[in-house]
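Residues per chain, in single letters:
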Amino acid sequence: MIERKLTKEQQVVVEVANYIGRNYIAPHAIEWDEKEVYDPTPIKAMAQADLFGLLIPKEYGGLGFGSTETALAMETLSKYCPGVATTFAAGCLGALPLLIGGTKAQKEKYLPLIAQGKALCAFALTEPQAGSDAAAIKTIAKKDGDHYILNGIKTWITNGGIADIYVIIALTDPKKGPRGASAFIVHKNDPGFVPGRKEKKMGLRASVTSELLLMDCRIPKDRLIGREGMGFILAVKALDLARPGVAAQAIGLAQGAMEVSLHHAKRRVQFGQPVYNFQAVSHTFAEMAARLEAARSLLYDVTRMIDSKAKNISGASAMVKFYATDMAMWVSERAVQMMGGLGYSRDSLAQKYMRDAKCLQIYEGTNEIQKNVLARELAKIYQHEEAA
């Protein structure tokens with residue numbers, strides 16, 4: 001709808017993502033959802049197209065782009081299947097703690113593999129008793145000579161069982177609570193690391209979400225990211241950077257849902273005319289388009305803010321995450337309604353988009369928690385203004 005000026009490089013990113021979406025994702029999206037199947041084919045295509053290198057600096061084999069280009073890729077892929085895009089998004093999230101706090105040796109070892117798509121990442125913070133209350137984690141990392149031994153259970157981990165590299169948040173000093181948490185790199189073949197039960201989800205079923213069991217998982221001490229006690233700082237910074245990616249998924253999803261239902265409304269004839277001609281229907285699509293474009297404008301304002309190296313992005317990141325995902329839920333629900341019985345059929349993409357949208361309101365920080373974050377940031381701003 002609203003034309004946006006993209007650089008030549010950004011146009012290429014969108015074109016490549018569209019090519020992958022049309023050829024590797026769209027023909028199978030409903031089948032993968034119905035069968036709850038993860039197929040690595042589109043992920044391999046993304047790797048060959050260097051999409052996993054968008055965020056990785058050139059010195060480590062990446063393309064050296066930023067949040068804007070990554071969001072463009074996620075938005076475009078999500079139009080075809082938000083579940084497949086979730087595998088890509090989780091891989092990017094898993095790389096962020098290494099980008100933010102990894103040592104030079106860690107970056108030289110892992111980032112080229114990630115950039116080339118040879119190593120898929122996952123980020124593991126959530127536990128059975130620690131969802132929104134992330135500070136309640138109980139996974140322990142105990143120092144043992146030149147190693148750490150990890151014990152605990154992680155749950156709801158996207159890419160669990162299919163990733164090659166896992167960033168695990170564990171307590172090195174339980175007495176300190178969140179300040180005693182640290183971040184570690186765990187390999188899929190490390191002894192004592194076992195993927196657990198795969199979740200049966202309502203949506204995003206083309207992606208894998210599972211438990212991770214850490215049972216005396218022994219890793220070298222040089223797999224500690226940063227230093228002890230930095231785990232939650234790294235986690236918060238990584239999630240702040242990643243949440244606009246969830247917003248991008250929501251926008252791509254909403255675009256797909258609107259287009260599917262709009263095409264149906266223009267073809268479906270009732271009472272002698274296309275149902276799109278009825279004002280109640282056409283006004284619904286007008287509202288879809290307006291909400292979608294408002295969310296898209298907010299997203300790319302936020303990504304440009306991030307790419308400008310702004311110091312405090314927590315409030316903006318939280319805002320775009322809850323605004324865009326709430327928008328996607330509304331648009332996809334309306335898309336089902338505009339298609340009537342066909343929209344409710346499991347053969348339709350509309351109902352898939354709606355089920356996928358629900359998870360976007362929940363993962364990487366529920367929308368209620370994001371509103372808490374934004375409210376806290378607003379209080380700080382106006383406190384400073386009143387003091388001045």
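Residues numbered from 1 in each chain as written. Predicted model: local features only at pLDDT ≥ 70, side-chain atom pairs only at ≥ 80, totals over all residues. Heavy atoms only, no water.

Peer 1: Just checking my understanding: could you explain the overall build of the chain for this structure?
Peer 2: For the chain, the helix and strand inventory stands at 12 helices and 10 strands. Against the globule reference of 21 Å for 388 residues, the chain gives a C-alpha radius of gyration of 21 Å, in line with a compact fold. Across its three principal axes, the chain shows a C-alpha extent of roughly 80 × 55 × 40 Å. Counting every position in the chain, which comprises 388 residues, the buried fraction comes to 53%. Across the chain, contacts joining residues at least 24 apart in sequence account for 73% of those joining residues at least 6 apart. With 48 positive and 40 negative side-chain charges, the chain shows a spacing of 1 Å between the two charge centroids. (Helix = DSSP H or I, 4+ residues; strand = E, 2+ residues; numbered from the N terminus. Rg over C-alpha atoms; globule rule 2.2 N^0.38 Å. Buried < 20%, exposed > 50% of the residue type's maximum accessible area, 1.4 Å probe, protein only. Contact = heavy atoms within 4.5 Å. Lys, Arg positive; Asp, Glu negative; His and termini not counted. Charge placed at Lys NZ, Arg CZ, Asp CG, Glu CD.)

Peer 1: In this structure, what is going on with the packing of aromatic side chains? I would like to understand it.
Peer 2: In the structure shown here, the tally under the stated rule is 6 aromatic pairs. Centroid distance Tyr 19 to Tyr 24: 6.5 Å. Interplanar angle 65°. Geometry classified as edge-to-face. On the basis of relative accessible area, Tyr 24 is assigned to the partly exposed category, the value being 30%. Centre to centre, the rings of Phe 52 and Phe 88 are 5.1 Å apart; their planes meet at 70°, and the pair counts as edge-to-face. Residue Phe 52 is found in the loop between helix H3 (41–48) and helix H4 (67–80), and its partner Phe 88 is found in helix H5 (residues 82–101); the two are separated by 36 residues along the sequence. Given the relative accessible area of 0%, Phe 88 is considered buried. The cationic tip of Arg 291 hangs over the ring face of Trp 330; the distance from NZ or CZ to the ring centre is 3.8 Å. (Phe/Tyr/Trp six-rings, centres within 6.5 Å; stacked < 30°, edge-to-face > 60°. Lys NZ or Arg CZ within 6 Å of the ring centre and 35° of its normal.)

Peer 1: I keep staring at unusual backbone geometry and nothing clicks. Help me out?
Peer 2: Note: most peptide bonds trans; most residues except glycine with negative phi. Of note in the backbone geometry, Asp 50 takes a positive phi value of approximately 70° without being a glycine. On the accessibility criterion, Asp 50 (36% relative accessible area) is partly exposed. Its identity is not glycine, yet Lys 309 carries a phi of approximately 70°, on the positive side. Structurally, Lys 309 can be placed in the loop between helix H8 (279–307) and helix H9 (314–338). Given a relative accessible area of 69%, Lys 309 falls into the exposed group.

Peer 1: So what exactly am I meant to see when it comes to the pairing of strand E7 (residues 209–220) here?
Peer 2: Side-chain direction in a regular strand flips from residue to residue, so the side chains alternate between the two faces of the sheet. Note that strand E3 (residues 147–158) and E7 share 9 bridges and pair antiparallel. From the neighbouring strand, His 147 faces E7, where its bridge partner is Pro 220. (Pairing = 2+ DSSP bridges.)

Peer 1: Hey, could you run me through a nonpolar patch on the surface in this one?
Peer 2: A contiguous nonpolar surface patch, about 290 Å² in accessible area, is contributed by Leu 378, Ile 381 and Tyr 382. Structurally, Leu 378 is set in helix H12 (residues 367–387). With a relative accessible area of 40%, Leu 378 lands in the partly exposed category. (Patch = residues over 30% accessible without salt bridge, like charges linked within 9 Å, V, L, I, M, F, W, Y side chains within 5 Å. Areas by Shrake-Rupley, 256 points an atom, 1.4 Å probe, with all protein chains shown as cover. Salt bridge = Lys/Arg side-chain N within 4 Å of Asp/Glu carboxyl O.)

Peer 1: Before we go on, may I ask you to explain the nonpolar core in this structure?
Peer 2: One recurring pattern in soluble globular proteins is that nonpolar side chains are buried together. Judged by nonpolar contacts, the single largest core of 64 residues is most densely connected at Ile 25, Met 46, Leu 77, Val 84, Phe 88 and Leu 299. Dropping the residues within four chain positions of it, Val 84 is found in contact with Ile 25, Trp 32, Pro 42, Ile 43, Met 46 and Ala 206. Core analysis: the second largest hydrophobic core is formed by 32 residues, Leu 171, Ala 181, Leu 239 and Ala 242 among them. (Core = buried A, V, L, I, M, F, W, Y, C linked by side-chain atoms within 4.5 Å.)

Peer 1: So what exactly am I meant to see when it comes to the environment of Pro 112 here?
Peer 2: Secondary-structure assignment places Pro 112 in helix H6 (residues 104–115). With 19 residues separating them along the chain, Pro 112 and Gly 131 place their C-alpha atoms 31 Å apart. Not counting chain neighbours up to four residues away, the residues in contact with Pro 112 comprise Tyr 60 and Lys 107.

Peer 1: What should I look at first to understand the pairing of strand E4 (residues 165–171) in this one?
Peer 2: Among the 7 residues of E4, 7 are classified as buried, and the element is accordingly described as predominantly covered. Going residue by residue along E4, you find Ile 165, Val 167, Ile 169 and Leu 171 tucked away on one face and Tyr 166, Ile 168 and Ala 170 tucked away on the opposite face as well. With 4 bridges joining them, strand E1 (residues 121–124) and E4 adopt parallel strand pairing. Each residue of the ladder has a partner; that of Ala 122, found in E4, is Tyr 166.

Peer 1: Even after reading the chapter, I still don't get the state of the cysteines, so can you show me in this structure?
Peer 2: Each disulfide consists of a covalent bond between the sulfur atoms of two cysteine residues. Here the structure, examined in full by the defined rule, presents 0 disulfides. With no disulfide partner, Cys 92 has as its closest neighbouring cysteine sulfur the one in Cys 121, 8.8 Å distant. For Cys 121, a relative accessible area of 1% translates into the label buried. (Disulfide = S-S within 2.5 Å.)

Peer 1: Got a minute to help me understand the pattern of salt bridges in this structure?
Peer 2: Side chains bearing opposite charge may pair, as long as their charged atoms lie close to each other. Counted according to the given criterion, the structure contains 22 salt bridges. Asp 240 is paired through a salt bridge with Arg 243; the nearest N and O atoms lie 3.6 Å apart. Of the two residues, Asp 240 and Arg 243 both sit in helix H7 (residues 231–267), 3 residues apart, roughly one turn of that helix. Given the relative accessible area of 8%, Asp 240 is considered buried. What makes Arg 243 buried here is its relative accessible area of 10%. The shortest N-O distance in the salt bridge between Glu 287 and Arg 291 comes to 2.8 Å. Of this pair, Glu 287 and Arg 291 both sit in helix H8, separated by 4 residues, roughly a single helical turn. Among the residues examined, Glu 287 registers a relative accessible area of 34% and is labelled partly exposed. One connected set of salt bridges, linked through shared partners, spans Arg 4, Glu 75, Glu 293 and Arg 296.

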